[in-house]
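Structure at a glance
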Amino acid sequence: MKALGRIFALIKRNVKEILRDPLSLAFMLAMPLGMELLFYFIFHGQSPQFEMKYLAPGIVAFAQAFLTLFSGLLIALDRGSAFLTRLYVSRAKSSEFILGYAFSLFPIAFAQSVIFFLVGGIIDPSIFSVTMIVALFLSLIPATFFIGTGILLGSLCNEKSIGGVASIVIAGQSMLSCMWFPPESLGKGVLTVMRVLPFKNAAELLQKGFLGYSDFFHEFWQPLLILLAYTVVVFALAILVFKKKMREK
Amino acid sequence: MNAIEIKNLRKEYKDVVAVKDLSLDIKEGEIFSLLGVNGAGKTTTIKMLSGLTCPTSGDAFVYGKSVVKDPDGVKELIDVSMQETAVARKLTVAENIEFYAALNGMTKQETEEVKQKCYDVFGLREVAGKMASKLSGGWQRKVSIALALVTRPKVLFLDEPTLGLDVLARRELWRTIAEMKGQMTIILTTHYMEEAEALSDRIGVMAGGKLLFVGTKEEMYAATGKQNVEDAFIEIVTGGKAL
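Residues numbered from 1 in each chain as written. Chains lettered and ligands numbered in written order. Predicted model: local features only at pLDDT ≥ 70, side-chain atom pairs only at ≥ 80, totals over all residues. Heavy atoms only, no water.

**Quick look at the overall build of chain A**
In terms of helices and strands, chain A carries eleven helices and zero strands. Mapped in sequence order, the helices and strands of chain A form the string α-α-α-α-α-α-α-α-α-α-α. In summary, chain A has a C-alpha radius of gyration of 18 Å against a globular reference of 18 Å for 249 residues, a match within 12%. With respect to the three principal axes, the spread of C-alpha positions in chain A is 55 × 35 × 35 Å. Every one of the 249 residues in chain A was classed for burial, and the buried ones make up 53%. Sequence separation of at least 24 residues holds for 78% of the intrachain contacts in chain A that already meet a minimum separation of 6. Counting only carbon and sulfur atoms, one obtains 74% of the accessible surface of chain A, whose full area is about 10,600 Å². Looking at charge distribution, chain A has the averaged site of its 21 positive side-chain charges lying 15 Å from that of its 13 negative ones. (Helix = DSSP H or I, 4+ residues; strand = E, 2+ residues; numbered from the N terminus. Rg over C-alpha atoms; globule rule 2.2 N^0.38 Å. Buried < 20%, exposed > 50% of the residue type's maximum accessible area, 1.4 Å probe, protein only. Contact = heavy atoms within 4.5 Å. Areas by Shrake-Rupley, 256 points an atom, 1.4 Å probe, with all protein chains shown as cover. Lys, Arg positive; Asp, Glu negative; His and termini not counted. Charge placed at Lys NZ, Arg CZ, Asp CG, Glu CD.)

**Considerations on the overall build of chain B**
When helices and strands are tallied, chain B shows nine helices and ten strands. Its C-alpha atoms give chain B principal-axis dimensions of roughly 55 × 40 × 35 Å. Within chain B, buried positions represent 54% of all 243 residues. Here chain B contributes 32 positive and 34 negative side-chain charges, whose respective centroids are spaced 3 Å apart.

**Some points on the environment of F117 of chain A**
Residues and elements named next belong to chain A. Structurally, the position occupied by F117 is in helix α5 (residues 94-123). Sequence-wise, F117 and F235 are 118 residues apart; in three dimensions their C-alpha atoms are separated by 27 Å. If we skip the residues at most four places from it in the chain, F117 touches A56, P57, V60, I127, M132, A135, L136 and F210.

**Some words on the interface of chain B and chain A**
Counting residues at the interface gives 31 residues for chain B, matched by 25 residues for chain A. Both faces combined, the contact of chain B with chain A buries some 2,600 Å², and carbon together with sulfur accounts for 57% of it. The tally of links between chain B and chain A comes to four salt bridges. Its salt-bridge partner being E17 of chain A, residue R89 of chain B comes within 3.7 Å of it at the nearest N-O pair. Secondary-structure elements contributing two or more residues to the side of chain B that touches chain A are α2 (71-75), β6 (78-81), α3 (93-103) and α5 (137-150) of chain B. The dominant element in the side of chain B that touches chain A, judged by the number of residues it contributes, is α3 of chain B, at six residues. Grouping the constituent residues of the side of chain B that touches chain A by class yields 15 nonpolar, seven polar and nine charged. (Buried area = accessible area lost by both parts, 1.4 Å probe. Salt bridge = Lys/Arg side-chain N within 4 Å of Asp/Glu carboxyl O. Nonpolar A, V, L, I, M, F, W, Y, C, P; charged D, E, K, R; others polar.)

**Considering the packing of helix α8 (residues 217-224) of chain B against helix α9 (residues 229-237) of chain B**
How two helices sit against one another is set out by the angle between their axes and by the gap between those axes. Residues and elements named next belong to chain B. Two elements in contact, α8 and α9, have axes whose closest approach is 9 Å; the angle formed by their N-to-C orientations is 55 degrees. One way to sum up the angle between α8 and α9 is to call them oblique. Here the hand of the crossing between α8 and α9 comes out left-handed. Along the contact surface, α8 presents K217, M220, Y221 and T224, while α9 presents V229, A232, F233, E235 and I236. Residue composition of the contact of α8 with α9, by class: six nonpolar, one polar and two charged. (Axes fitted to C-alpha atoms, helices over the stretch in contact; angles between N-to-C directions. Parallel < 35°, antiparallel > 145°, perpendicular 65-115°, else oblique. Left-handed = near helix turned anticlockwise from the far one by under 90°.)

**Here we look at the pattern of salt bridges**
With the rule as written, the count across this model stands at 22 salt bridges over all chains. A salt bridge links D21 of chain B to R10 of chain B; the nearest nitrogen and oxygen atoms lie 3.0 Å apart. Highlighted residues: D21 of chain B in strand β2 (residues 16-27) and R10 of chain B in strand β1 (residues 2-13), separated in sequence by eleven residues. Between E98 of chain B and K115 of chain B there is a salt bridge, and its shortest N-O distance comes to 2.6 Å. Of the two residues, E98 of chain B is situated in helix α3 and K115 of chain B in helix α4 (residues 108-122); the sequence distance between them amounts to 17 residues. A residue is classified by how much of its surface remains accessible, and E98 of chain B, at 31% relative accessible area, is partly exposed. The exposure class of K115 of chain B is buried, given its relative accessible area of 9%. Linked by salt bridges that have partners in common, R13, E17 and D78 of chain A together with R89 of chain B make up one network.

**Considerations on the side chain of T224 of chain B**
All names here are of chain B. In this structure, T224 sits in helix α8. Here T224 falls in the buried class, since its relative accessible area comes to 14%. Within the structure, T224 has its side chain in polar contact with the backbone nitrogen of K226 (distance 3.4 Å). Setting aside residues no more than four positions away along its own chain, T224 makes contact with A232, E235 and I236. (Polar contact = N/O pair within 3.5 Å; in protein donor to acceptor, adjacent residues only side chain to side chain.)

**Considerations on the confidence of the model for chain B**
Residues and elements named next belong to chain B. Looking at chain B, the pLDDT average stands at 90 and 98% of residues meet or exceed 70. Across chain B, the element-wise mean pLDDT spans from 84 in helix α6 (residues 167-180) up to 96 in strand β4 (residues 57-62). If you check the scores for this complex, the pTM reads 0.83 and the ipTM reads 0.80. (pLDDT = per-residue confidence, 0-100.)

**Remarks on the pairing of strand β7 (residues 155-159) of chain B**
All names here are of chain B. Most of β7 is tucked away: five of the five residues are buried. What you see with β7 is no split at all: V155, F157 and D159 on one side and L156 and L158 on the other are buried throughout. Examined bridge by bridge, β6 and β7 share four bridges and lie parallel to one another. Directly across from I78, in β7, lies its bridge partner V155. (Pairing = 2+ DSSP bridges.)

**A few points about the side chain of T111 of chain B**
Residue and element names in this part refer to chain B. Looking at the element boundaries, T111 is found in helix α4. T111 gets classed as buried once you look at its relative accessible area, which sits at 11%. Polar contacts involving the side chain of T111 include one to the main-chain carbonyl oxygen of T107, which spans 2.7 Å. Excluding anything up to four places from it in sequence, T111 contacts E98, A101 and M106.

Written out as C-alpha coordinates, the structure is:
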(Lines give C-alpha, C1' and ligand atoms only; values in the text may rest on other atoms or scores of the structure.)
Protein backbone atom coordinates (compact mmCIF):
# COMPACT_ATOMS: atom_id res chain seq x y z
CA MET A 1 0.00 0.00 0.00
CA LYS A 2 2.83 2.39 0.85
CA ALA A 3 4.46 1.71 -2.53
CA LEU A 4 1.16 2.46 -4.28
CA GLY A 5 0.89 5.74 -2.38
CA ARG A 6 4.42 6.72 -3.46
CA ILE A 7 3.71 5.82 -7.10
CA PHE A 8 0.49 7.85 -6.98
CA ALA A 9 2.38 10.83 -5.50
CA LEU A 10 4.93 10.61 -8.32
CA ILE A 11 2.20 10.37 -10.98
CA LYS A 12 0.37 13.39 -9.53
CA ARG A 13 3.54 15.46 -9.49
CA ASN A 14 4.61 14.45 -13.00
CA VAL A 15 1.19 15.17 -14.53
CA LYS A 16 1.21 18.63 -12.93
CA GLU A 17 4.74 19.33 -14.19
CA ILE A 18 3.83 18.33 -17.75
CA LEU A 19 0.43 20.00 -17.94
CA ARG A 20 1.73 23.27 -16.49
CA ASP A 21 4.18 23.58 -19.35
CA PRO A 22 2.28 25.35 -22.15
CA LEU A 23 4.76 24.01 -24.72
CA SER A 24 3.93 20.40 -23.88
CA LEU A 25 0.21 21.04 -24.38
CA ALA A 26 0.94 22.87 -27.63
CA PHE A 27 3.04 20.03 -29.04
CA MET A 28 1.08 17.07 -27.70
CA LEU A 29 -2.42 18.41 -28.40
CA ALA A 30 -2.70 21.70 -30.29
CA MET A 31 -0.20 21.06 -33.09
CA PRO A 32 -1.37 17.53 -34.04
CA LEU A 33 -4.97 18.75 -33.86
CA GLY A 34 -4.12 21.61 -36.21
CA MET A 35 -2.42 19.12 -38.56
CA GLU A 36 -5.44 16.80 -38.48
CA LEU A 37 -7.73 19.64 -39.53
CA LEU A 38 -5.36 21.19 -42.07
CA PHE A 39 -4.39 17.98 -43.84
CA TYR A 40 -7.99 16.81 -43.98
CA PHE A 41 -9.41 20.01 -45.39
CA ILE A 42 -6.55 20.60 -47.86
CA PHE A 43 -5.89 17.09 -49.12
CA HIS A 44 -8.94 14.85 -48.60
CA GLY A 45 -10.23 13.48 -51.84
CA GLN A 46 -6.78 13.72 -53.42
CA SER A 47 -5.18 10.70 -51.74
CA PRO A 48 -6.54 7.91 -49.48
CA GLN A 49 -4.01 8.86 -46.73
CA PHE A 50 -6.05 11.95 -46.00
CA GLU A 51 -9.39 10.25 -45.55
CA MET A 52 -10.27 10.62 -41.88
CA LYS A 53 -10.32 6.83 -41.27
CA TYR A 54 -6.57 6.78 -42.05
CA LEU A 55 -5.64 10.30 -40.97
CA ALA A 56 -7.10 10.26 -37.42
CA PRO A 57 -5.26 7.11 -36.24
CA GLY A 58 -2.09 8.28 -38.02
CA ILE A 59 -2.27 11.62 -36.20
CA VAL A 60 -2.73 9.78 -32.88
CA ALA A 61 0.49 7.83 -33.49
CA PHE A 62 2.29 11.03 -34.54
CA ALA A 63 1.09 12.92 -31.44
CA GLN A 64 2.16 10.04 -29.22
CA ALA A 65 5.74 10.45 -30.48
CA PHE A 66 5.81 13.69 -28.48
CA LEU A 67 5.39 11.57 -25.33
CA THR A 68 9.01 10.54 -25.91
CA LEU A 69 10.10 14.18 -25.87
CA PHE A 70 8.17 15.17 -22.76
CA SER A 71 8.83 12.05 -20.68
CA GLY A 72 12.53 12.29 -21.63
CA LEU A 73 12.65 15.98 -20.86
CA LEU A 74 11.03 15.47 -17.45
CA ILE A 75 13.59 12.83 -16.44
CA ALA A 76 16.57 14.71 -17.91
CA LEU A 77 15.55 17.89 -16.07
CA ASP A 78 15.01 15.99 -12.81
CA ARG A 79 18.46 14.41 -13.15
CA GLY A 80 20.13 17.70 -14.05
CA SER A 81 18.53 19.70 -11.25
CA ALA A 82 19.43 17.21 -8.48
CA PHE A 83 15.71 16.71 -7.88
CA LEU A 84 16.14 13.04 -8.68
CA THR A 85 18.97 12.86 -6.11
CA ARG A 86 16.50 14.11 -3.52
CA LEU A 87 14.03 11.41 -4.57
CA TYR A 88 16.75 8.74 -4.37
CA VAL A 89 17.19 9.58 -0.69
CA SER A 90 13.44 9.13 -0.11
CA ARG A 91 11.94 5.74 0.65
CA ALA A 92 10.83 5.18 -2.97
CA LYS A 93 12.47 2.39 -5.03
CA SER A 94 13.74 2.69 -8.60
CA SER A 95 10.85 0.54 -9.92
CA GLU A 96 8.40 2.98 -8.29
CA PHE A 97 10.10 5.92 -10.03
CA ILE A 98 9.82 4.22 -13.43
CA LEU A 99 6.15 3.38 -12.86
CA GLY A 100 5.57 6.95 -11.66
CA TYR A 101 7.08 8.41 -14.80
CA ALA A 102 5.36 5.92 -17.13
CA PHE A 103 1.85 6.04 -15.69
CA SER A 104 1.81 9.83 -15.52
CA LEU A 105 1.82 9.92 -19.33
CA PHE A 106 -0.86 7.29 -19.99
CA PRO A 107 -3.78 9.63 -19.16
CA ILE A 108 -2.28 12.17 -21.56
CA ALA A 109 -1.88 9.49 -24.27
CA PHE A 110 -5.47 8.38 -23.74
CA ALA A 111 -6.69 11.99 -23.92
CA GLN A 112 -4.79 12.43 -27.21
CA SER A 113 -6.54 9.41 -28.75
CA VAL A 114 -10.00 10.48 -27.53
CA ILE A 115 -9.58 14.07 -28.79
CA PHE A 116 -8.19 13.20 -32.23
CA PHE A 117 -10.71 10.40 -32.84
CA LEU A 118 -13.64 12.55 -31.68
CA VAL A 119 -12.59 15.55 -33.76
CA GLY A 120 -12.12 13.20 -36.73
CA GLY A 121 -15.62 11.80 -36.10
CA ILE A 122 -17.18 15.25 -35.88
CA ILE A 123 -15.65 16.19 -39.24
CA ASP A 124 -16.46 12.86 -40.86
CA PRO A 125 -19.24 11.10 -38.91
CA SER A 126 -18.88 7.98 -41.08
CA ILE A 127 -15.85 6.93 -38.99
CA PHE A 128 -17.89 6.62 -35.78
CA SER A 129 -18.14 2.90 -34.96
CA VAL A 130 -17.35 0.37 -32.25
CA THR A 131 -13.91 -0.10 -33.80
CA MET A 132 -13.04 3.41 -32.60
CA ILE A 133 -13.06 1.99 -29.06
CA VAL A 134 -10.85 -0.92 -30.20
CA ALA A 135 -8.38 1.59 -31.68
CA LEU A 136 -8.58 3.68 -28.51
CA PHE A 137 -7.33 0.79 -26.40
CA LEU A 138 -4.86 -0.36 -29.05
CA SER A 139 -3.34 3.14 -28.93
CA LEU A 140 -1.97 2.33 -25.47
CA ILE A 141 0.56 -0.01 -27.12
CA PRO A 142 2.38 2.64 -29.21
CA ALA A 143 1.96 5.01 -26.24
CA THR A 144 3.85 2.51 -24.05
CA PHE A 145 6.58 2.27 -26.68
CA PHE A 146 7.01 6.05 -26.93
CA ILE A 147 6.92 6.54 -23.15
CA GLY A 148 9.52 3.77 -22.67
CA THR A 149 11.71 5.41 -25.31
CA GLY A 150 11.38 8.70 -23.43
CA ILE A 151 12.40 7.11 -20.12
CA LEU A 152 15.39 5.49 -21.83
CA LEU A 153 16.53 8.67 -23.58
CA GLY A 154 15.86 10.83 -20.50
CA SER A 155 18.11 8.49 -18.48
CA LEU A 156 20.88 8.72 -21.07
CA CYS A 157 20.73 12.35 -22.23
CA ASN A 158 21.08 15.61 -20.38
CA GLU A 159 18.54 18.41 -20.50
CA LYS A 160 20.34 20.10 -23.42
CA SER A 161 20.62 17.06 -25.69
CA ILE A 162 17.27 15.38 -25.00
CA GLY A 163 15.34 17.76 -27.29
CA GLY A 164 17.52 16.96 -30.29
CA VAL A 165 17.61 13.22 -29.68
CA ALA A 166 13.86 12.92 -29.04
CA SER A 167 13.11 14.93 -32.18
CA ILE A 168 14.71 12.08 -34.19
CA VAL A 169 11.93 9.82 -32.88
CA ILE A 170 9.28 12.43 -33.74
CA ALA A 171 10.75 12.92 -37.22
CA GLY A 172 10.88 9.13 -37.61
CA GLN A 173 7.19 8.83 -36.75
CA SER A 174 6.36 11.59 -39.21
CA MET A 175 8.56 10.52 -42.13
CA LEU A 176 8.69 6.73 -41.76
CA SER A 177 5.07 5.95 -40.91
CA CYS A 178 3.65 6.24 -44.43
CA MET A 179 1.17 8.81 -43.15
CA TRP A 180 1.63 11.44 -45.81
CA PHE A 181 2.20 9.38 -48.96
CA PRO A 182 0.88 6.09 -50.37
CA PRO A 183 3.16 3.05 -49.78
CA GLU A 184 2.98 2.24 -53.50
CA SER A 185 4.94 5.41 -54.25
CA LEU A 186 7.94 4.12 -52.30
CA GLY A 187 10.70 1.73 -53.36
CA LYS A 188 10.79 -1.85 -52.08
CA GLY A 189 13.93 -1.23 -49.99
CA VAL A 190 12.45 1.81 -48.25
CA LEU A 191 9.25 -0.08 -47.51
CA THR A 192 11.20 -2.99 -46.02
CA VAL A 193 13.05 -0.60 -43.71
CA MET A 194 9.74 1.00 -42.71
CA ARG A 195 8.24 -2.41 -41.94
CA VAL A 196 11.13 -3.29 -39.63
CA LEU A 197 11.13 0.02 -37.75
CA PRO A 198 8.42 0.73 -35.16
CA PHE A 199 6.95 3.90 -36.70
CA LYS A 200 4.92 2.49 -39.61
CA ASN A 201 3.80 -0.36 -37.39
CA ALA A 202 2.51 2.09 -34.77
CA ALA A 203 0.40 3.97 -37.32
CA GLU A 204 -0.70 0.78 -39.08
CA LEU A 205 -1.80 -0.90 -35.85
CA LEU A 206 -4.13 1.99 -35.06
CA GLN A 207 -5.37 2.31 -38.64
CA LYS A 208 -6.18 -1.40 -38.81
CA GLY A 209 -7.84 -1.29 -35.41
CA PHE A 210 -9.83 1.71 -36.56
CA LEU A 211 -10.94 0.06 -39.80
CA GLY A 212 -11.98 -3.05 -37.90
CA TYR A 213 -10.84 -5.94 -40.04
CA SER A 214 -12.74 -9.12 -39.31
CA ASP A 215 -9.70 -11.40 -39.53
CA PHE A 216 -7.99 -9.99 -36.45
CA PHE A 217 -4.98 -12.31 -36.39
CA HIS A 218 -4.26 -12.06 -40.11
CA GLU A 219 -4.39 -8.28 -40.17
CA PHE A 220 -2.86 -7.43 -36.83
CA TRP A 221 -0.09 -9.86 -36.10
CA GLN A 222 2.70 -8.08 -37.91
CA PRO A 223 2.39 -4.50 -36.56
CA LEU A 224 1.28 -5.80 -33.16
CA LEU A 225 4.16 -8.24 -32.70
CA ILE A 226 6.82 -5.88 -34.04
CA LEU A 227 5.61 -3.03 -31.85
CA LEU A 228 5.30 -5.25 -28.79
CA ALA A 229 8.85 -6.51 -29.33
CA TYR A 230 10.16 -2.94 -29.56
CA THR A 231 8.17 -1.96 -26.46
CA VAL A 232 9.53 -4.84 -24.38
CA VAL A 233 13.13 -4.18 -25.46
CA VAL A 234 12.89 -0.41 -24.95
CA PHE A 235 11.32 -0.78 -21.47
CA ALA A 236 13.86 -3.41 -20.42
CA LEU A 237 16.67 -1.11 -21.51
CA ALA A 238 15.01 1.89 -19.84
CA ILE A 239 14.77 0.01 -16.52
CA LEU A 240 18.40 -1.16 -16.75
CA VAL A 241 19.78 2.28 -17.65
CA PHE A 242 17.62 4.12 -15.10
CA LYS A 243 18.73 1.74 -12.32
CA LYS A 244 22.37 2.04 -13.40
CA LYS A 245 22.15 5.85 -13.32
CA MET A 246 20.49 5.62 -9.92
CA ARG A 247 23.38 3.58 -8.57
CA GLU A 248 25.94 5.94 -10.12
CA LYS A 249 24.22 8.89 -8.44
CA MET B 1 25.66 8.86 22.19
CA ASN B 2 27.03 8.79 18.67
CA ALA B 3 24.62 9.49 15.81
CA ILE B 4 27.20 8.47 13.21
CA GLU B 5 30.20 6.18 13.42
CA ILE B 6 32.46 6.07 10.37
CA LYS B 7 34.99 3.23 10.11
CA ASN B 8 37.77 3.35 7.50
CA LEU B 9 35.45 4.66 4.80
CA ARG B 10 37.07 4.75 1.40
CA LYS B 11 35.85 5.68 -2.09
CA GLU B 12 37.83 5.11 -5.27
CA TYR B 13 36.84 6.22 -8.79
CA LYS B 14 39.03 4.42 -11.34
CA ASP B 15 42.46 5.89 -10.56
CA VAL B 16 41.28 8.61 -8.14
CA VAL B 17 40.87 8.07 -4.40
CA ALA B 18 38.14 10.54 -3.40
CA VAL B 19 38.00 9.57 0.29
CA LYS B 20 40.90 7.84 2.03
CA ASP B 21 40.03 5.56 4.96
CA LEU B 22 37.97 8.10 6.88
CA SER B 23 37.20 7.29 10.52
CA LEU B 24 35.08 9.65 12.59
CA ASP B 25 32.33 9.74 15.23
CA ILE B 26 29.64 12.42 15.25
CA LYS B 27 27.63 12.97 18.42
CA GLU B 28 23.85 13.10 18.57
CA GLY B 29 22.46 16.64 18.32
CA GLU B 30 25.68 18.38 17.31
CA ILE B 31 26.32 20.54 14.26
CA PHE B 32 29.43 19.14 12.63
CA SER B 33 31.09 21.03 9.78
CA LEU B 34 33.27 19.36 7.18
CA LEU B 35 35.63 21.99 5.79
CA GLY B 36 37.72 21.57 2.70
CA VAL B 37 38.71 23.08 -0.61
CA ASN B 38 37.17 21.81 -3.87
CA GLY B 39 37.86 18.10 -4.40
CA ALA B 40 38.61 17.49 -0.72
CA GLY B 41 36.08 14.63 -0.56
CA LYS B 42 33.32 16.34 1.42
CA THR B 43 30.47 15.71 -1.00
CA THR B 44 31.60 12.12 -1.64
CA THR B 45 31.56 11.53 2.12
CA ILE B 46 28.01 12.90 2.35
CA LYS B 47 26.94 10.74 -0.60
CA MET B 48 28.32 7.61 1.05
CA LEU B 49 26.72 8.43 4.40
CA SER B 50 23.33 9.04 2.78
CA GLY B 51 23.36 5.88 0.63
CA LEU B 52 23.69 7.74 -2.68
CA THR B 53 26.94 5.98 -3.48
CA CYS B 54 28.51 2.77 -2.17
CA PRO B 55 31.86 2.91 -0.39
CA THR B 56 34.72 0.99 -2.00
CA SER B 57 35.65 -0.30 1.45
CA GLY B 58 34.90 0.42 5.08
CA ASP B 59 31.48 1.17 6.53
CA ALA B 60 29.51 3.82 8.38
CA PHE B 61 26.70 3.44 10.87
CA VAL B 62 23.82 5.84 11.39
CA TYR B 63 22.27 5.06 14.77
CA GLY B 64 23.75 1.59 14.36
CA LYS B 65 22.43 0.99 10.83
CA SER B 66 25.06 0.21 8.20
CA VAL B 67 25.14 2.31 5.03
CA VAL B 68 26.50 -0.76 3.23
CA LYS B 69 24.22 -3.50 4.56
CA ASP B 70 21.08 -1.55 5.38
CA PRO B 71 20.89 1.58 3.17
CA ASP B 72 17.06 1.53 3.25
CA GLY B 73 17.17 1.52 7.05
CA VAL B 74 19.56 4.48 6.98
CA LYS B 75 17.23 6.36 4.58
CA GLU B 76 14.50 6.23 7.23
CA LEU B 77 16.70 8.22 9.62
CA ILE B 78 18.28 10.82 7.37
CA ASP B 79 17.64 13.46 4.75
CA VAL B 80 19.92 15.43 2.50
CA SER B 81 20.02 18.85 0.93
CA MET B 82 22.58 18.70 -1.86
CA GLN B 83 24.49 21.75 -3.07
CA GLU B 84 22.26 22.06 -6.14
CA THR B 85 18.72 23.27 -5.50
CA ALA B 86 16.38 20.27 -5.69
CA VAL B 87 12.76 21.32 -6.01
CA ALA B 88 9.97 20.40 -8.44
CA ARG B 89 9.97 23.49 -10.65
CA LYS B 90 6.36 23.58 -11.70
CA LEU B 91 4.87 22.82 -8.31
CA THR B 92 4.08 25.52 -5.78
CA VAL B 93 6.01 25.60 -2.51
CA ALA B 94 3.04 24.02 -0.70
CA GLU B 95 2.73 21.31 -3.39
CA ASN B 96 6.46 20.56 -3.14
CA ILE B 97 6.10 19.92 0.58
CA GLU B 98 2.92 17.85 0.09
CA PHE B 99 4.57 15.80 -2.67
CA TYR B 100 7.67 15.05 -0.63
CA ALA B 101 5.53 14.14 2.40
CA ALA B 102 3.40 11.78 0.28
CA LEU B 103 6.53 10.20 -1.16
CA ASN B 104 7.64 9.43 2.37
CA GLY B 105 4.30 7.89 3.33
CA MET B 106 2.95 10.64 5.59
CA THR B 107 -0.76 10.96 6.41
CA LYS B 108 -2.74 14.11 5.57
CA GLN B 109 -2.56 15.28 9.19
CA GLU B 110 1.19 14.70 9.40
CA THR B 111 1.64 16.52 6.09
CA GLU B 112 -0.30 19.54 7.34
CA GLU B 113 1.74 19.63 10.56
CA VAL B 114 5.05 19.41 8.75
CA LYS B 115 3.92 22.02 6.20
CA GLN B 116 3.13 24.50 8.96
CA LYS B 117 6.49 23.76 10.58
CA CYS B 118 8.35 24.39 7.31
CA TYR B 119 6.45 27.66 6.86
CA ASP B 120 7.35 28.74 10.41
CA VAL B 121 11.01 27.68 10.40
CA PHE B 122 11.86 28.98 6.94
CA GLY B 123 9.34 31.82 6.66
CA LEU B 124 7.77 30.20 3.61
CA ARG B 125 4.13 31.15 4.32
CA GLU B 126 4.30 34.25 2.09
CA VAL B 127 5.49 32.22 -0.92
CA ALA B 128 3.49 29.03 -0.25
CA GLY B 129 1.26 29.47 -3.30
CA LYS B 130 4.04 30.49 -5.68
CA MET B 131 5.51 28.14 -8.25
CA ALA B 132 9.08 27.15 -7.32
CA SER B 133 10.45 28.19 -10.72
CA LYS B 134 9.20 31.76 -10.14
CA LEU B 135 11.12 32.17 -6.88
CA SER B 136 14.57 33.76 -6.55
CA GLY B 137 17.63 31.53 -6.06
CA GLY B 138 17.64 32.28 -2.32
CA TRP B 139 14.01 31.30 -1.84
CA GLN B 140 14.47 28.16 -3.94
CA ARG B 141 17.41 27.16 -1.74
CA LYS B 142 15.28 27.70 1.38
CA VAL B 143 12.52 25.51 -0.07
CA SER B 144 15.10 22.89 -1.02
CA ILE B 145 16.45 22.77 2.54
CA ALA B 146 12.92 22.88 4.00
CA LEU B 147 12.05 19.75 2.00
CA ALA B 148 14.86 17.93 3.77
CA LEU B 149 13.04 18.64 7.05
CA VAL B 150 9.74 17.21 5.86
CA THR B 151 10.71 13.67 6.83
CA ARG B 152 11.69 14.85 10.34
CA PRO B 153 15.13 13.24 10.00
CA LYS B 154 17.30 12.36 12.97
CA VAL B 155 20.36 13.23 10.88
CA LEU B 156 20.38 16.06 8.31
CA PHE B 157 23.14 16.45 5.73
CA LEU B 158 23.55 19.94 4.30
CA ASP B 159 25.98 20.03 1.41
CA GLU B 160 27.15 23.61 0.78
CA PRO B 161 23.79 25.02 1.91
CA THR B 162 24.62 28.68 1.29
CA LEU B 163 26.51 28.28 -1.98
CA GLY B 164 25.57 31.08 -4.38
CA LEU B 165 23.40 32.98 -1.88
CA ASP B 166 23.81 36.70 -1.25
CA VAL B 167 25.09 37.80 2.14
CA LEU B 168 21.64 38.56 3.61
CA ALA B 169 20.13 35.25 2.48
CA ARG B 170 23.21 33.46 3.83
CA ARG B 171 22.92 35.07 7.26
CA GLU B 172 19.22 34.28 7.39
CA LEU B 173 19.92 30.65 6.57
CA TRP B 174 22.60 30.53 9.28
CA ARG B 175 20.01 31.74 11.78
CA THR B 176 17.59 29.02 10.63
CA ILE B 177 20.23 26.30 10.88
CA ALA B 178 21.29 27.53 14.34
CA GLU B 179 17.65 27.36 15.47
CA MET B 180 17.47 23.70 14.42
CA LYS B 181 20.43 22.88 16.67
CA GLY B 182 19.68 20.17 19.21
CA GLN B 183 16.56 18.96 17.37
CA MET B 184 18.64 16.76 15.07
CA THR B 185 22.25 15.99 14.20
CA ILE B 186 23.42 18.26 11.38
CA ILE B 187 26.42 17.53 9.18
CA LEU B 188 27.33 20.54 7.11
CA THR B 189 29.88 20.79 4.34
CA THR B 190 31.13 24.20 3.38
CA HIS B 191 34.11 26.10 2.17
CA TYR B 192 32.92 29.30 3.80
CA MET B 193 35.12 29.48 6.92
CA GLU B 194 32.91 32.00 8.69
CA GLU B 195 29.96 29.63 8.22
CA ALA B 196 31.74 26.82 10.03
CA GLU B 197 32.90 29.28 12.71
CA ALA B 198 29.39 30.65 13.32
CA LEU B 199 27.48 27.38 13.36
CA SER B 200 29.62 24.41 14.33
CA ASP B 201 30.06 22.53 17.56
CA ARG B 202 32.98 20.70 15.96
CA ILE B 203 34.88 21.06 12.72
CA GLY B 204 36.55 18.44 10.52
CA VAL B 205 39.13 19.56 7.97
CA MET B 206 39.52 17.46 4.81
CA ALA B 207 42.07 17.73 2.03
CA GLY B 208 42.85 15.27 -0.76
CA GLY B 209 40.30 12.81 0.61
CA LYS B 210 41.93 12.69 4.06
CA LEU B 211 40.61 13.95 7.36
CA LEU B 212 43.42 16.14 8.72
CA PHE B 213 41.84 17.56 11.85
CA VAL B 214 38.77 17.10 14.07
CA GLY B 215 37.88 19.30 17.03
CA THR B 216 36.16 22.42 18.29
CA LYS B 217 37.20 25.76 16.88
CA GLU B 218 39.02 26.51 20.15
CA GLU B 219 40.98 23.27 19.74
CA MET B 220 41.68 24.30 16.14
CA TYR B 221 43.10 27.63 17.29
CA ALA B 222 45.17 25.93 19.98
CA ALA B 223 46.57 23.35 17.55
CA THR B 224 47.60 25.94 14.99
CA GLY B 225 48.30 29.02 17.08
CA LYS B 226 45.84 31.04 15.01
CA GLN B 227 42.94 33.23 16.07
CA ASN B 228 40.30 32.44 13.47
CA VAL B 229 39.03 29.42 11.52
CA GLU B 230 40.28 30.64 8.14
CA ASP B 231 43.89 31.05 9.26
CA ALA B 232 43.75 27.80 11.20
CA PHE B 233 42.28 25.97 8.18
CA ILE B 234 45.05 27.25 5.88
CA GLU B 235 47.66 26.23 8.45
CA ILE B 236 46.23 22.69 8.64
CA VAL B 237 45.71 22.21 4.89
CA THR B 238 49.12 23.56 3.89
CA GLY B 239 50.85 21.68 6.66
CA GLY B 240 52.26 24.84 8.17
CA LYS B 241 53.55 26.22 4.89
CA ALA B 242 51.09 29.08 5.07
CA LEU B 243 50.46 31.08 1.93
